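Listed below are the residues making up each chain.
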Amino acid sequence: MGADWTIRRARDADADALLGVWERSVRATHEFLTEEDIVGLRPHVAQALAQNALELWVLADAGDAPVGFMGLAGNDIAALFLEPAARGKGGGRRLVEHAQALRGGELTVEVNEQNPAACGFYRALGFVVVGRSPVDDDGRPFPLLHMRRPAPV
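Residues numbered from 1 in each chain as written. Predicted model: local features only at pLDDT ≥ 70, side-chain atom pairs only at ≥ 80, totals over all residues. Heavy atoms only, no water.

(A) Here's a closer look at the pattern of salt bridges. Within the structure shown, the criterion is met by 12 salt bridges. A salt bridge links Arg8 to Asp14; its shortest N-O distance comes to 2.7 Å. Here Asp138 makes a salt bridge to Arg140, at a shortest N to O gap of 3.7 Å. By relative accessible area, Arg140 is classed as partly exposed at 24%. (Salt bridge = Lys/Arg side-chain N within 4 Å of Asp/Glu carboxyl O. Buried < 20%, exposed > 50% of the residue type's maximum accessible area, 1.4 Å probe, protein only.)

Below, the structure is given as structure tokens:
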């Protein structure tokens, strides 16, 4: 586990680094996306990061470089991406625990059904599927699982 990792709020100067984390993570985990899909999504992600559309939290290494990030919208984990080399080392779990500590109540997330690693990750953290959409928010044929983790007892 990245014992020297810290979680901090994102800064404006992180935008390019976070976009790079997003793209490398998507290329490693979203095998259902084509090159055209990724290239088409990149400007939308860059704009969302630049506009602070989400409450962004950065998982940073000892040198303060981002190795992952999470975007929150209320109690919803709207984004969680890790550098491929950081996967499986506890960083994603730490980000979800951070969200839980911040929010206290239940957490929700939408996960691409075609990303079995992410589905398994969230299930292992106590999220359950409460619904399914046959298309993503833009109407593309990428089914989404709506997942919820109850508030801690």
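(B) Here's a closer look at the environment of Arg149. Mapped onto the elements of the fold, Arg149 is located in strand S7 (residues 144–149). The buried category is assigned to Arg149, whose relative accessible area is 15%. Considering only alpha carbons, one finds Arg149 and Pro134, 15 residues apart in sequence, at a separation of 21 Å. Here Gln100 takes part through its side chain, which lies 2.8 Å from a polar atom of the side chain of Arg149. (Helix = DSSP H or I, 4+ residues; strand = E, 2+ residues; numbered from the N terminus. Polar contact = N/O pair within 3.5 Å; in protein donor to acceptor, adjacent residues only side chain to side chain.)

(C) Quick peek at helix H2 (residues 35–50). With 16 residues, H2 should reach 22 Å at 1.5 Å per residue; the first-to-last C-alpha distance of 23 Å fits that figure. Of all bends in H2, the biggest is about 30°, found at Arg42, and the proline Pro43 comes one to four residues later. Of all the residues in H2, the buried ones are Asp37, Ile38, Leu41, Val45 and Leu49. Close packing links the buried residues of H2 with helix H1 (15–29), strand S2 (55–60) and strand S3 (66–73). (Expected span 1.5 Å × (residues − 1). Bend = angle between axes of the 7 residues up to and from the residue. Contact = heavy atoms within 4.5 Å.)

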